[in-house]
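A look at the structure
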Amino acid sequence: MAGWLVSSSMWKDILVMGAPVVEKILRPVVVYFFLVAVLRVFGKRELAQLNPFDLVVLLSLSNTVQNAIIGNDNSLTGGLLGAFALLGMNYLVVRFLFRHRRLDQIFEGKPTVLVDHGHIVKHGLSKELLTRAELMTVLHRQGFDSIDDVQKCVLEPGGTFYVQRKMPPTEKIEHDEVMQGLKGIQERLDLLLQYNKEGRRNG
């Protein structure tokens, strides 16, 4: 009998929600829009995780809003309902923005140019609170040794970096191709001369 009571109490804690259904749905929705708005304003560098401080902010942020989402309810049913409300709201928002691309562009914001034609855009760095050292770390991760090698570096609204390598002028490319072709011809001539010399010796 005691075992049955323990089992019954356990299932009650797991399945019976400690908060009304409307509250379990409303809490994740409010927190969702709050986080979207906050990350829209402050979130470019946090999403990019340029240093340990940005990572700490994201981890702490998720832990901070946890209680706001679940409230005083630790039941399994309440947790699943909250997760479903969060995912459902995200699906609706993404679907809505997908159908309204203009609104999506306004909502997401604009990318920030950090490097243009091999020169650092100081206004862009200042706007995103980026240091030169952090920018160089990003470029090194993508295989660039120097800013001189970069045509353009852009920080996208989602926190990703688009880096375009500087291409040499068309005249230089054509010159290199001509020189490469002449080098090949010279190598063939050298082989032909060597072959003729060996043929005369053997003859």
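Higher on the page you've got the structure.
Residues numbered from 1 in each chain as written. Predicted model: local features only at pLDDT ≥ 70, side-chain atom pairs only at ≥ 80, totals over all residues. Heavy atoms only, no water.

1. Thoughts on a positive patch on the surface
Side chains of Arg-40, Arg-102, Lys-110 and Lys-127 sit close together on the surface and give a patch of like positive charge. You can see Lys-127 is positioned in helix 7 (residues 122-127). (Patch = residues over 30% accessible without salt bridge, like charges linked within 9 Å, V, L, I, M, F, W, Y side chains within 5 Å. Areas by Shrake-Rupley, 256 points an atom, 1.4 Å probe, with all protein chains shown as cover. Salt bridge = Lys/Arg side-chain N within 4 Å of Asp/Glu carboxyl O. Lys, Arg positive; Asp, Glu negative; His and termini not counted. Charge placed at Lys NZ, Arg CZ, Asp CG, Glu CD. Helix = DSSP H or I, 4+ residues; strand = E, 2+ residues; numbered from the N terminus.)

2. Some words on the sheet that holds strand 4 (residues 161-165)
Read from one edge to the other, the open sheet built from four strands follows the order 2-1-3-4, with strand pairing classed as antiparallel. Looking at the sheet topology across the chains shown, the edges are occupied by strand 2 (119-120) and strand 4. Judged from the two bridges that link them, strand 1 (residues 112-116) and strand 2 form a sheet pairing that is antiparallel. What sits directly across from Val-115, in strand 2, is Ile-120. Packed onto the sheet, helix 8 (residues 132-141) meets strand 1, strand 2, strand 3 (150-155) and strand 4 and runs at close to 110 degrees relative to strand 3. (Pairing = 2+ DSSP bridges. Contact = heavy atoms within 4.5 Å. Axes fitted to C-alpha atoms, helices over the stretch in contact; angles between N-to-C directions.)

3. Structural notes on a nonpolar patch on the surface
On the surface, Val-178, Met-179, Leu-182, Ile-185, Leu-189, Leu-192 and Tyr-195 cluster together to form a nonpolar patch covering roughly 700 Å² of accessible area. Here Leu-189 lies in helix 9 (residues 170-202). Accessibility expressed as a relative area gives 42% for Leu-189, which makes it partly exposed. (Buried < 20%, exposed > 50% of the residue type's maximum accessible area, 1.4 Å probe, protein only.)

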